[in-house]
Every structure is written in structure tokens, then in C-alpha cells.
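Close look at the chain arrangement
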Amino acid sequence: MALEYDLLNENVKKCQYAVRGELYLRASELQKEGKKIIFTNVGNPHALGQKPLTFPRQVVALCQAPFLLDDPNVGMLFPADAIARAKHYLSLTSGGLGAYSDSRGLPGVRKEVAEFIQRRDGYPSDPELIFLTDGASKGVMQILNCVIRGEGDGILVPVPQYPLYSATISLLGGSLVPYYLDESENWGLDVNNLRQSVAQARSQGISVRAMVIINPGNPTGQCLSEANLKEILKFCYNEKLVLLGDEVYQQNIYQDERPFISSKKVLMDMGSPFSKGVQLVSFHTVSKGYWGECGQRGGYFEMTNFPPRVVEEIYKVASIALSPNVSAQIFMGLMVSPPKPGDISYDQFARESKGILESLRRRAKIMTDGFNSCKNVVCNFTEGAMYSFPQIRLPPGALQAAKQAGKVPDVFYCLKLLEATGISTVPGSGFGQKEGVFHLRTTILPAEEEMPEIMDSFKKFNDEFMAQYENGFGYSRM
Amino acid sequence: MRRFVIGQAKNLIDQTRRRQRHHKSLRLLSLLAASDSALVLSSPRLFSSSSDMSGSGSDSSSSSLPVTLDSLNPKVLKCEYAVRGEIVNIAQKLQEDLKINKDAYPFDEIIYCNIGNPQSLGQQPITFFREVLALCSHTALLDESATHGLFSSDSIDRAWKILDQIPGKATGAYSHSQGIKGLRDAIAAGIEARDGFPADPNDIFMTDGASPGVHMMMQLLISSEKDGILCPIPQYPLYSASIALHGGSLVPYYLDEASGWGLEISELKKQLEDARSKGITVRALAVINPGNPTGQVLAEENQREIVDFCKKEGLVLLADEVYQENVYVPDKKFHSFKKVARSMGYGENDVCLVSFQSISKGYYGECGKRGGYMEVTGFTSDVRAQIYKLASVNLCSNISGQILASLVMSPPKPGDDSYESYIAEKEGILSSLAKRAKTLEEALNKLEGVTCNRAEGAMYLFPCINLPQKAIAAAEAAKTAPDAFYCKRLLNATGIVVVPGSGFRQVPGTWHFRCTILPQEEKIPAIVNRLTEFHKNFMDEFRN
């Protein structure tokens, strides 16, 4: 046998990605057996009934089949602004959707991204420092691949985190340096925690090279305040860390106290020496927000304060993959320059977008309140992103039963939840959490009309589970 | 105390690294394409960096920043990819300048013959495929009566069929990490129809182009530089770059130019033993069939030898078959390695074989869509679980590319509404490719000191240029590889962009360049004329 399991790259074996791990696989098995499954394991809006926005789909359909543009009857099926936009994007390509573009992405689209960033932040943005990628995840992997030289290199990652980071660091043979978010402070980030984590890592001989922030957070949803971002940037400046700003949920904000503010804007606002002295990579995507176009695989990263020779090397690696897929690049262009008031499609676009965002805001509340009404469940409010991350206070009886079943406690709970209700979540251990504290991550994406039933179903299961495992035990024994 | 020591150690490492790079570039000046364990692929790019060895430029002033050239992952620094390397950068600058300084150049356009990107040079996509994609992009079209006037009836049927295979008809949702099941079923059926042996949809992993699949396998197979992958020389530099990125060792096996780029088992054996004697564990054999850049199509007998060799030596066979639909000669035919292995009597569990296919080549040429798959056979379930896990970290490949891959593997059949036009488009493209291959090959063979093997398949010609000593000396003086020197001169004189052979590796002391056969037919005569004239002038200047 040429390829034995034992001979595989250890880094591959070590890496974990719970979002499509054990729970998801079990849910898929049950689905095949005919059970109705509600997949809330991944931020995949269209899979749960969210409709794609009409305008971008019209534009891309025309780009897929440009011969339609020559047909005199095309106006019967497509509005004039979609037709114009399709022609515009096709003119930016060198041969339509089927030709490899520049390895960094179509220059015309990157220019539109730069203009978007400038409008959003009030500071100029250079298209040459913007790379389009097949999803933001690919961009994260590319940057970490540049930064991690070996296990001596550490990357500061929030706990809980989206496990793309832990999986990628594993695969690249680096070291994950955790910094704990504070659940009792709405998952806030305390710079003292950062300092402690870095000191500890260095005492173990690890060279801490970069810091990841996910803002709004995943799975935690918290939106960082401007003050917090300033502290973080100062910290990165002092400790010489490159900051990876995962901002893919920047359109998903469900409270008004802390609107989204980009790391780049805060950095530029801080002025010298920080604005020239901190290296920052900012990530965005078409998969989230109110677009939810996960299946397109479209994303970008913008580099700030990266020396030209380094940018060249990153370009070199990007060129090995030839180019990101062109359809998604067009989605990205459309996302950063959507229909404007006065455009034929504007009203429909605004209506669809608003509808989705307002519903997400309502669902965030429904879910948080729903979880908080359950026994032994405490849930911070979902300030942003697409998830709810309730804490499940498992009674000792449940911990024991989990041990006997050979399962991590939150995996045990989530499997029981799945089997009882068909709700497929991701156990908190997949994201990292404080020792002995358990969570699960679910999305706020199920259709609004189905939410009450789903929350009832959860509550019923949970309260019965707690009753069952508290029976004869209870906290007094502790 | 420890922090101070760490700081000192870091400085030492940085200094050593700087010195190593300086030595590396000096070594390369003296002999290119050294056949040592070759983690470094020689390429013009390294020469551009040697001029910055003094440490000048903005990098040194920003040495207080954490990420600078010196602190990058050395594997990133090591890897090269000539297809979009230095020559292309120069060409792009020229192209920009052409817009404003039209009269400064003896040509009025840049012709990119460096990359297999058919639709960027005027090749049209297959109408039926794009109809289906458009309908799947904007499914509301399927509810409009006007659609029937604009789309063929079978494209509408196929779109419905595909959408029914996607949960909720949601083409914007992440799919199963291996790709949508129904589409994998179609691909498996297509593989069976092609080979006459069954294929399992669960063996199929759909990827954003074939390249990510290659990377996944390298990641799986390579733990350190002690792990080697046998690669053909010349090779498509994805392999060398990927091996470098994953920290492995490229074990070269030389294709024989004199016998039409033949693959000799004796050469495989020799290189394998050589690598093993150096302490390298050779894990896999990469075969590109039809070849890139060399274009040869393997004879079935040869393929059987290769399968037996892999079985005997415990190697995973990585079969890059992305050009399977590009065969231009009547005396050769494409046979998949899967078919060959099965027809030899090897069953599902007997040979570890990974077969790569892409939507970028063939007659469909859909490079920008990024679609492809690998069919993974012969692995135990625990190994396959690891492949699945790797695929899942990226969630899934783009849906539009997945749909296209299924269409490529199950195109219109006789009797279908679109069949006639589909066949006309397909055969038009393939016959034109064959014609262009022949025309360019003949033209190249007429040049002084140039011999060019025929392109049996794929999309490239890889002529051998016997460069006069004077030219080689001039190249050395210009601190450039001789073939890169020739290619730069060619670019500056004619606007034609080709890739120097050193980007693909070659027998030391031989020089080649890779040129695609993709410019449209009407451009070919002008290309031939300009190339011929340039070459004559070049030889006049440098003839011994």
C-alpha cells in the first residue's frame, strides 16, 4: 500500500475543522436516513432559504452568456442597468469569464474595491495592494503561509475563534497563541489578556508574529469599539505584530452602539507613527453580509504598510494558482459598487437588502432571548455576524455521561440535540473555550417564520436534558 | 535573559539567511538547472533579486516591521512560477507603454503566448455550456416564457436537472465539500463512459481548477524535505512550486527529447534509486499526459509499465490529465491511467492513483471559471477522511465551476437539441488547434539551430534552440539565463511573449522556450513572420 495513514503529513492529521466535522457528518448520515435536519453549523444563508439578490444574478447571468447581449429581445428579460453593468464588467476582462485574469484579480474590479474602501474609511486605498481571492479563506491561508516559518512562529488567535485559523496554523506547522475573550464582558477583548498571552508564548521560545481579530466576531458576534481597536493597533505596533483583520461580517451589525469601523480607518486616524508603522491585512468576502453568496467563492484582502518586495512575493504565490474565479470577481465588483438611487434596479435592490438585514436583526434577538429562556443556558447578545454562541452549563451528571460515551461534553450535548430535534450545531470545543465552560454555535439563519418552532424545539430538548442529568445530582454536591 | 537570547538568535538566523541567498544567486550564475535535490527552481526572477542584495531599497528602512522580505517563510521565497514570472512582468509594462508610445516599438501589440489561456486570445466558449450556466446563475429566467426564445430547449432541461440536484436550488450556498452529489454522479458517469470502467462519485473531489487538488496531495504526502516527488523534466512548474511550498524534494526524471519526449522506465528507476541513496523517501510519481510543456501523448504500453512501476515501488501515481481532450495526431490516443490500471486487472484497492481533470483546457478552455476535480482511488478510508478534512477547511469549490465540470464530463449527446451546434463548435476548435500546432511546429523547425518536436497534444510547443556561444556569453554578461536572454530579445523585437525553458527545467546545457498554439489562426502568419525575422537577426548577431 503506497499511502498508509501513518505516512501522512502529521500537520494534516493534527488539523481540525469542526464546522464540517463530527456533528456535520452525523447530521448528513441522519439526513440520508430520512430525518429532517436543520443545518445551523455553517454561515450559509442561501441554504436556509435566503434568496440571492436579483440584480447581481442578472448581471452575472448576462456575463456567463454574452451572446444574450446581442439578442434584440434581451431587454424583455433583463433591466437596462443590468445589461449596462454586464457590458461594463465584460469590458474589464480579457476574454470574458472563461479567461484567467491577472493573478491578483481584474484591475478594474480591484479599482472598484479601492474606491469602496476609500468611501467607507475616508482614506485613499491602492488597488495594487488589493488581491482578490477564491473566498476570504484562501487569502487568510496565503498570508499565514508567508508569515509562518515553522513551529517557532506564533499567531495570536482569539478564543473562541473561527477554526479556519487553528486549522491553517496547524497545517502550516506554526503555533497558535490563544488570547481569551471575556464572556462576562460581552466577549470583550482586554489588552492585558493579550500581553499575558504574548509573554507566555515568548517564555516558551515562540516568536509571536501576527495577531488575528475577527470583527464582528465569529462565533461570538461582538463588535469591537473604536477604543478597543486603537488599543489593539497600539499593541501590534509595540509588539511588532502584523494584524490580520477578518472583517467579513462588516455588513452584519445588529446594534447601534458600536457600528462597524474598519481597522484601517482606525489605524489611519491614529496618524504617525502608527499609521506607517503597523502592518495590517484586511479581509472581506461576498459570502456574508446581506449577499450571502457563499458558493461563488469571492473575497479580497488589502495590505497596508507591506514593503513592495513582500507584496511581490505574495503576488508570486498567487500566480501559481493562476487567477481567482472571474464570476466571483464580478460579484465582488457589484458588492462594492451596488445600484445607486436613480438606477432602475435601485428600489428592488434596496428593498431586498433592507429586508434581509432587518430580518437578521430580528432573528438575532429572537435567538438570544430564546436561549436565555432555557434552563442552564446563558447567551450573550449577537451584536453582529451570523451566529449565536450560548453557554450551556452542563450538570455533573451530563459530564459523567459524556465521559462514559467517550465524547467531549459539548459534543455529547450537541449529538443528543441533533438526534432529538434535527438541529445540527457545532460544539463550542470546535472554536476553543475556557476549560470547563461549554458552548455550542448555531447560526441565526433559519427562516424567520421557522425560528419560534426551532427555539421551542431546542428549549424542550434542553430542559428535558437538564432535568434528566440533574436528577439526583445538582450543584449542591459541588 | 531568554528574550535577549531569542533576539540574538533571530539576528543570527537573519544574517545567515541573507548570506545564503547571496551565495545561491552566485551559484546559479555558473550553472543553471543543477541536478541536485533541487528545491530551488532556477528562474530569471532570482537574478532580479540579486541586484538588491546590497540590502538597499525600502525593505531595509522598514526593518522595524514584522513582515519583511528577510522574515518571510523561506519556502515562499524559494518557490518559482515562470509562467507568470519576470518575462510577463516586462510584457505588461511594455503593453502599458504601447498605449502611449505607439511609435516607439516595431510592433503594435503584445501577443501572450506564455500561458494556456485560450479565451483570452479569442477562443469562444461552448454555447450550450454558457446557456446552462446563465440559467443557473439567475434561476428566475426559468419561470419566464421569453426564455424559450433565447435559450435552447436542452439547456433549459439541463439547468432544471442540475438545480434539482442542488438542495433548495440554492446555487449561492456552500455545497458538500467534495462538490454537489448529483454533479459528481454525472462526472462519474462520464468517466465510466470514457473508460469503460465504473467510477465512484465518492472518489471525486471537486476543486477550484485542478491546481488546488495538486496542492492538497502535496500537503498530504510531504512532511519534510526527506519526502520526494518524482516529476518529469521538463515539467509544468506548478509541481516544482508546490513541492517547494510544502517543503519537499523534487526528484527529477528526464524525458527523452530525441525520442519525442519519451518516458523511459529505466530513467525512473535510476532517479528513484539515486534519491533513495540520498536518504529521500520517494512518495509519488507525477505524470502529465498529454505532457506540458512537451505535448507528448503516452503510449498505452508505456502507461502499463508506469502503473507496474508505481505498484512495485509503493508510489502514489499522480496523473495530471487536464489535456485529455487535446490530442492532435492520428497515431496517438488518450487513455486514462485509471482505465489502463483497471484493464491490467488492478482493482479499486490495488493501486493508489489520483487523476486530475480541469475545465480550463480541452476544447472548452474555461480557465477563468476555475473548475476541476481529482478522482482518488486506491486509498484506505482513513486516508480519504484526511483528504475530505483538507477539502472541508475551504468549505467547497465554486458552484459555477462545479456545474461546468459536470457539463464537460456529460456534454450534449446525439439527438439533443444542441448536439449539432455543440459538435460543430467542439470540432472547429480542436481541428483549428491541430492546424495551428502543425503550422507553428513547421515554422520553428525551419529556424536555424532550432529543432521542435511535434505537439501530439496539449497546447504548447517546446522548441530546442542551439544557442551560439556568443549568445550564451552575452546572456551571462547580462546576468540572465541564456534562454531568458533570447526570450527577452524576442519580446522586445516582436511583442511575442513566451516562457524560457529554464522555467520548466531541461537537460543542463540545453535551451528551450515554451510557446502556446493559442493565438487565433489569422494571427499565426504574422507571428511566424516576426519570429522568423527576429531569429535570423539574432543568429546574425551572435553566430559563431
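Cut-offs used in this document
- Residues numbered from 1 in each chain as written.
- Chains lettered and ligands numbered in written order.
- Predicted model: local features only at pLDDT ≥ 70, side-chain atom pairs only at ≥ 80, totals over all residues.
- Heavy atoms only, no water.
- Contact = heavy atoms within 4.5 Å.
- Buried area = accessible area lost by both parts, 1.4 Å probe.
- Salt bridge = Lys/Arg side-chain N within 4 Å of Asp/Glu carboxyl O.
- Polar contact = N/O pair within 3.5 Å; in protein donor to acceptor, adjacent residues only side chain to side chain.
- Helix = DSSP H or I, 4+ residues; strand = E, 2+ residues; numbered from the N terminus.
- Nonpolar A, V, L, I, M, F, W, Y, C, P; charged D, E, K, R; others polar.
- Buried < 20%, exposed > 50% of the residue type's maximum accessible area, 1.4 Å probe, protein only.
- Domains from an automatic or database assignment.
- Axes fitted to C-alpha atoms, helices over the stretch in contact; angles between N-to-C directions.
- Parallel < 35°, antiparallel > 145°, perpendicular 65-115°, else oblique.
- Left-handed = near helix turned anticlockwise from the far one by under 90°.
- Expected span 1.5 Å × (residues − 1).
- Core = buried A, V, L, I, M, F, W, Y, C linked by side-chain atoms within 4.5 Å.
- Phe/Tyr/Trp six-rings, centres within 6.5 Å; stacked < 30°, edge-to-face > 60°.
- Lys NZ or Arg CZ within 6 Å of the ring centre and 35° of its normal.
- pLDDT = per-residue confidence, 0-100.
- Pairing = 2+ DSSP bridges.

1. As for the interface of chain A and chain B
The interface of chain A with chain B comprises 100 residues on the first partner and 100 residues on the second. Summing both sides of the interface, chain A and chain B together bury roughly 8,100 Å²; the carbon and sulfur share of this comes to 58%. Our count for the chain A to chain B interface comes out at zero salt bridges. Counting across the interface, chain A meets chain B through 43 residue pairs in polar contact (both at pLDDT 80 or more). No other element matches the ten residues that helix α13 (residues 308–320) of chain A contributes to the side of chain A that touches chain B. When its residues are assigned to classes, the side of chain A that touches chain B shows 49 nonpolar, 29 polar and 22 charged.

2. Section: the pattern of salt bridges
Side-chain pairing between opposite charges can occur once the charged atoms of the two side chains come close. Residue and element names in this part refer to chain B. All told, the structure shown has 51 salt bridges over all chains when counted by the stated rule. Between E441 and K438 there is a salt bridge, with its nearest N and O atoms 3.7 Å apart. Of the two residues, E441 and K438 are both situated in helix α17 (residues 419–445); the distance of three residues between them amounts to about one turn of the helix. Of the residues examined, K438 reaches a relative accessible area of 43% and is grouped as partly exposed. One salt bridge connects D540 with K536, and the closest N-O pair in it is separated by 3.1 Å. On the criterion of helical spacing, the pair formed by D540 and K536 is a turn pair, its members being four residues apart in helix α20 (residues 524–542). For D540, a relative accessible area of 39% gives the class partly exposed.

3. A word on the domain arrangement of chain A
All names here are of chain A. Parsing chain A into structural domains produces domain 1 (5–36 + 351–470) and domain 2 (91–336). For domain 1 versus domain 2, the distance between C-alpha centres works out to 27 Å. Its largest share of buried area at the contact with domain 2, domain 1 owes to R361, N380 and E383, together 24% of the area lost on that side. If you look at where domain 1 meets domain 2, you find two salt bridges. Here D256 and R361 are joined by a salt bridge, their closest N and O atoms 2.9 Å apart. Counting only elements with at least two residues in the side of domain 1 that touches domain 2, the list comes to α1 (10–14) and α15 (346–372). A total of six residues in the side of domain 1 that touches domain 2 trace back to one element, the largest contributor, which is α15. Looking at the side of domain 1 that touches domain 2, its residues break down into 17 nonpolar, eleven polar and five charged.

4. Quick look at the packing of helix α10 (residues 211–221) of chain B against helix α15 (residues 381–393) of chain B
Residue and element names in this part refer to chain B. Closest axis-to-axis distance for the α10/α15 pair is 11 Å, and the angle between their directions is 125°. Compared by their axis directions, α10 and α15 come out oblique. The interaxial crossing formed by α10 with α15 has right-handed handedness. Residue-level contacts link M216, M217, Q219 and L220 of α10 to V383, Q386, I387, L390 and A391 of α15. Looking at the contact of α10 with α15 residue by residue, the classes come out as seven nonpolar, two polar and no charged.

5. Brief notes about α13(A)
Residues and elements named next belong to chain A. For α13, built from 13 residues, the straight-helix expectation of 18 Å at 1.5 Å per residue is met to within 8% by its first-to-last C-alpha distance of 19 Å. Burial in α13 covers these residues: R309, V310, V311, E313, I314, Y315, K316, V317, A318, S319 and I320. A positive phi of about 70° marks L322, the residue just after α13.

6. Describing the nonpolar core
Inside soluble globular proteins, nonpolar side chains tend to come together where they are buried. Within the largest apolar cluster, 342 residues are counted, with the highest numbers of intra-cluster contacts made by A:M211, B:L285 and B:L318. Of all the elements, α17(B) adds the most residues to this core, at ten residues. When neighbours within four sequence positions are excluded, B:L285 is seen to be in contact with B:L230, B:Y253, B:L268, B:I306, B:F309, B:C310, B:L315, B:V316, B:L317 and B:L318.

7. Some thoughts on the packing of aromatic side chains
Given two aromatic rings, one states the distance between the centres and the angle between the planes to describe the pair. Applying the stated criterion across every chain yields a total of 35 aromatic pairs over all chains. Between the aromatic rings of B:F462 and B:F504, the centroid separation amounts to 5.7 Å while the plane-to-plane angle is 80°, which identifies the pairing as edge-to-face. Taken as a pair, B:F462 in the loop between β10 (460–461) and β11 (464–465) and B:F504 in the loop between β13 (499–500) and β14 (511–516) lie far apart in primary sequence, 42 residues in all. One exposure class covers both B:F462 and B:F504, and it is buried. An aromatic cluster is present here, built from B:F128, B:F129, B:Y363, B:Y364, B:Y419 and B:Y422 joined pairwise through their rings. Against the face of A:Y315 rests A:R104, its NZ or CZ located 4.1 Å from the ring centre.

8. Things to note about the confidence of the model for chain B
One rule of thumb: low pLDDT means the predicted coordinates there are not for detailed reading. All names here are of chain B. Residues of chain B with pLDDT of at least 70 account for 88%, and the chain-wide mean is 89. Throughout residues 1–62 the model reports pLDDT below 50, and contacts reaching past four residues in sequence, or to other chains, amount to 80 contacts. Here the predicted complex scores 0.91 on pTM and 0.95 on ipTM.

9. With respect to the pairing of strand β8 (residues 299–304) of chain A
Residue and element names in this part refer to chain A. The buried fraction of β8 amounts to six of the six residues, a majority that puts the element mostly inside the structure. Of the pairings in the sheet, the one linking strand β2 (residues 130–133) to β8 comprises four bridges and is antiparallel in character. Considered in β8, the bridge of F131 is made with F301. Inspection of the sheet shows strand β7 (residues 280–285) paired to β8 by six bridges, in the antiparallel sense. Bridge pairing in β8 places V281 opposite M303.

10. Notes on the packing of helix α3 (residues 54–64) of chain A against helix α6 (residues 127–137) of chain B
Their axes nearest at 8 Å, the elements α3(A) and α6(B) cross at an angle of 180°. Comparing the axis directions of α3(A) and α6(B) gives the class roughly antiparallel. Contacts between α3(A) and α6(B) involve A:R57, A:V60, A:A61, A:C63 and A:Q64 on the former and, on the latter, B:R130, B:L133, B:A134, B:C136 and B:S137.

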